[in-house]
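# Working through the structure, step by step
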Amino acid sequence: MIAPHSTATPGSPRAVRKAVVPAAGLGTRFLPATKATPKEMLPVVDKPAIQYVVEEAAAAGLDDILMVTGRHKRAIEDHFDSAFELEQALAAKGDTMRLDAVRDPARLADIHHIRQGDPLGLGHAVLCARHHVGDQPFAVLLGDDLIDPRETLLSRMLEVRERREGSVVALMEVDPEQIHLYGCAAVEPTGEDGVVRVTALVEKPAPGAAPSRYAVIGRYVLDPAVFDVLEHTPPGRGGEIQLTDALQDLAAGGTVHGVVFDGLRYDTGDKADYLRTVVRLACDRPDLGPEFSRWLKEFVAGLAGGASDGEEECTAA
Ligand code: G1P
């Protein structure tokens with residue numbers, strides 16, 4: 001295991017051990033890059049995006065990870081498997097650093113794969129995990145949201161679930177103009193700092209119809225009760241079976257809490273956000289950061305100096 005530190009208590013009977021990572025999307029926003037490569041495998045600096053997600057789960061003590069994939073996702077399976085010939089070649093050269101980098105993904109956790117079959121939505125992808133998860137609480141991590149490895153959001157959510165039972169979602173305050181891109185939660189205080197009770201949830205509310213600025217970001221700790229609800233959840237927004245709609249049912253029963261997150265989250269869901277993510281994480285890397293940041297400063301200074309009318313939108317925000 002290369003998980004940096006585990007804050008969970010795997011010995012306790014209710015400890016969450018399993019994580020589900022939905023990865024069946026077509027990645028149409030990144031075509032043609034995703035024509036033959038799953039979007040989850042797009043590199044963020046030098047690791048595929050999905051590896052960050054699996055590392056986050058492992059760091060929170062989750063040692064059983066189920067990827068819910070679809071067709072054309074073989075590369076994900078291969079990435080989290082051993083690569084005999086490559087390992088032999090690196091070992092023969094004595095290149096232990098790269099050998100470790102190649103072996104690390106398969107050592108992170110016990111990784112399983114199932115296929116979603118029909119892409120009927122996030123709720124359906126989670127329902128596909130029912131048999132594997134069984135009657136235990138479990139985490140769901142969405143690959144478009146990367147949480148900075150220095151944050152402990154997932155561990156905090158697991159700890160809230162231990163104390164309060166039910167399900168726990170991660171919430172982040174976003175600009176009102178952005179909320180239509182997310183599931184949105186109506187909340188009330190619990191008296192505990194950073195923990196709210198979720199009273200209602202709406203998937204991607206129309207502008208002006210959002211109950212709050214609290215967006216559900218892609219981290220969930222779910223009670224297995226969600227499966228029974230999902231079995232009967234009709235298609236919602238976009239004609240898809242929405243996880244948010246099933247959680248709305250549970251929230252109405254008072255069993256959903258939110259952990260409010262104001263830390264570092266990177267969105268790799270669209271092209272501009274993906275590029276920002278790569279730049280930010282590259283700047284943070286001890287091996288690349290100093291040199292890359294120096295170049296970036298010069299590049300941005302050049303942009304600021306040389307911007308003509310047609311270039312005004314290219315800023316370094
Ligand atoms: C999904 C969920 C949405 C959530 C979002 C977080 O939407 O349906 O509720 O807020 O992830 O990233 P997607 O972005 O996959 O359309």
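Residues numbered from 1 in each chain as written. Predicted model: local features only at pLDDT ≥ 70, side-chain atom pairs only at ≥ 80, totals over all residues. Heavy atoms only, no water.

To continue, consider the overall build of the chain. Within the chain, the regular secondary structure consists of eleven helices and 13 strands. Against the compact-globule benchmark of 20 Å for 317 residues, the chain has a radius of gyration of 20 Å, which places it among compact chains. Dimensions of the chain, computed from the C-alpha atoms along their principal axes, are close to 55 × 55 × 40 Å. Across the 317 residues that make up the chain, the buried fraction comes to 45%. Summarising the internal contacts of the chain: among those between residues at least 6 apart in sequence, 75% fall at separations of at least 24. Carbon and sulfur atoms make up 53% of the accessible area of the chain, which amounts to about 16200 Å² in all. Averaging the positions of the 33 positive and the 49 negative side-chain charges in the chain gives two centres separated by 2 Å. (Helix = DSSP H or I, 4+ residues; strand = E, 2+ residues; numbered from the N terminus. Rg over C-alpha atoms; globule rule 2.2 N^0.38 Å. Buried < 20%, exposed > 50% of the residue type's maximum accessible area, 1.4 Å probe, protein only. Contact = heavy atoms within 4.5 Å. Areas by Shrake-Rupley, 256 points an atom, 1.4 Å probe, with all protein chains shown as cover. Lys, Arg positive; Asp, Glu negative; His and termini not counted. Charge placed at Lys NZ, Arg CZ, Asp CG, Glu CD.)

Looking now at the pattern of salt bridges. With the rule as written, the count across this model stands at 26 salt bridges. Of the charged contacts in the structure, one is a salt bridge between Arg130 and Asp228, with a shortest N-O distance of 2.7 Å. Here Asp228 lies in helix H8 (residues 225-231) and Arg130 lies in helix H6 (residues 130-133), a separation of 98 residues in the sequence. When salt bridges that share partners are traced, they join Arg156, Glu159, Arg163, Arg164 and Glu192 into one network. (Salt bridge = Lys/Arg side-chain N within 4 Å of Asp/Glu carboxyl O.)

One finds Ile65, Met67 and Leu154 to be the most contacted residues of the largest nonpolar core, which totals 44 residues. For this core, the element with the most residues is helix H1 (residues 49-59), which contributes seven residues. Apart from the residues lying within four places of it in its own chain, the contact partners of Met67 are Val21, Ile50, Val54, Ile76, Phe80, Ile111, His112, His113 and Ile114. Counting residues in each nonpolar core, the second largest holds 32 residues, with Val20, Leu201, Phe227 and Ala246 among its members. (Core = buried A, V, L, I, M, F, W, Y, C linked by side-chain atoms within 4.5 Å.)

Lining the immediate environment of the ligand, one finds Leu122, Leu142, Asp145, Tyr182, Gly183, Glu203, Lys204, Val216, Gly218, Gln242 and Thr244. Contact between the ligand and Asp145: an oxygen atom at 2.8 Å from a side-chain N or O atom of the residue. In this structure, an oxygen atom belonging to the ligand sits 3.2 Å away from a side-chain N or O atom of Thr244. If the ligand stood free it would expose 380 Å²; the protein chains cover 78% of that surface. (Near = heavy atom within 4 Å. Polar contact = N/O pair within 3.5 Å; in protein donor to acceptor, adjacent residues only side chain to side chain.)

Burial along strand E6 (residues 138-141) is two-sided: Phe138 and Val140 and Ala139 and Leu141, pointing in opposite directions, are all buried. Pairing geometry for strand E1 (residues 18-23) and E6, over two bridges, is parallel. Each bridged residue has a counterpart across the sheet, and for Ala19 the counterpart in E6 is Ala139. Here four bridges tie E6 to strand E11 (residues 214-222), and the two strands are oriented antiparallel to one another. (Pairing = 2+ DSSP bridges.)

Let's shift gears to the side chain of Glu40. With respect to the helices, strands and loops of the structure, Glu40 is situated in the loop between E1 and strand E2 (43-44). Sequence-distant contacts of Glu40, defined by excluding residues within four places in its chain, comprise Ala23, Ala24, Gly25, Pro48, Ala49, Ile50, Lys73 and Ile76.

What follows deals with the side chain of Glu203. Locating Glu203 in the fold gives a position in strand E10 (residues 195-203). Within the structure, the side chain of Glu203 is placed 3.1 Å from the side chain of Lys204, a separation counted as a polar contact. Side chain to side chain, Glu203 and Thr244 meet in a polar contact 2.5 Å long. Excluding residues within four positions of it along the chain, Glu203 makes contact with Tyr182, Gly183, Arg237, Gln242, Thr244 and Asp245.

Mapped onto the elements, Ser293 comes out in helix H11 (residues 289-306). According to the relative accessible area criterion, Ser293 is buried, its value standing at 18%. In sequence terms Ser293 and Val279 are 14 residues apart; their C-alpha atoms lie 8.9 Å from each other.

This brings us to H1. Burial runs high along H1: eleven of the eleven residues are buried. Among the residues of H1, Ala49, Ile50, Gln51, Tyr52, Val53, Val54, Glu55, Glu56, Ala57, Ala58 and Ala59 are the ones counted as buried. Two residues or fewer after H1 comes Gly61, characterised by a positive phi angle close to 90°.

In the predicted model, the chain carries a mean pLDDT of 91, and 92% of its residues have values of at least 70. Overall, residues 1-8 carries pLDDT values under 50, and its contacts beyond four positions in sequence, including any with other chains, amount to 18 contacts. For residues 309-317, every residue scores under 50 in pLDDT, and the model assigns this stretch four contacts once sequence neighbours within four places are set aside. (pLDDT = per-residue confidence, 0-100.)

This brings us to the packing of helix H3 (residues 84-93) against helix H4 (residues 96-107). Contact geometry for H3 and H4: axes closest at 8 Å, N-to-C directions at 160°. When the axes of H3 and H4 are compared, the pair comes out roughly antiparallel. Judged by the twist between their axes, the crossing of H3 over H4 is left-handed. Judged by residue contacts, Leu86, Glu87, Leu90 and Ala91 of H3 engage Arg98, Leu99, Val102 and Arg103 from H4. Taken together, the residues that form the contact of H3 with H4 break down as five nonpolar, no polar and three charged. (Axes fitted to C-alpha atoms, helices over the stretch in contact; angles between N-to-C directions. Parallel < 35°, antiparallel > 145°, perpendicular 65-115°, else oblique. Left-handed = near helix turned anticlockwise from the far one by under 90°. Nonpolar A, V, L, I, M, F, W, Y, C, P; charged D, E, K, R; others polar.)

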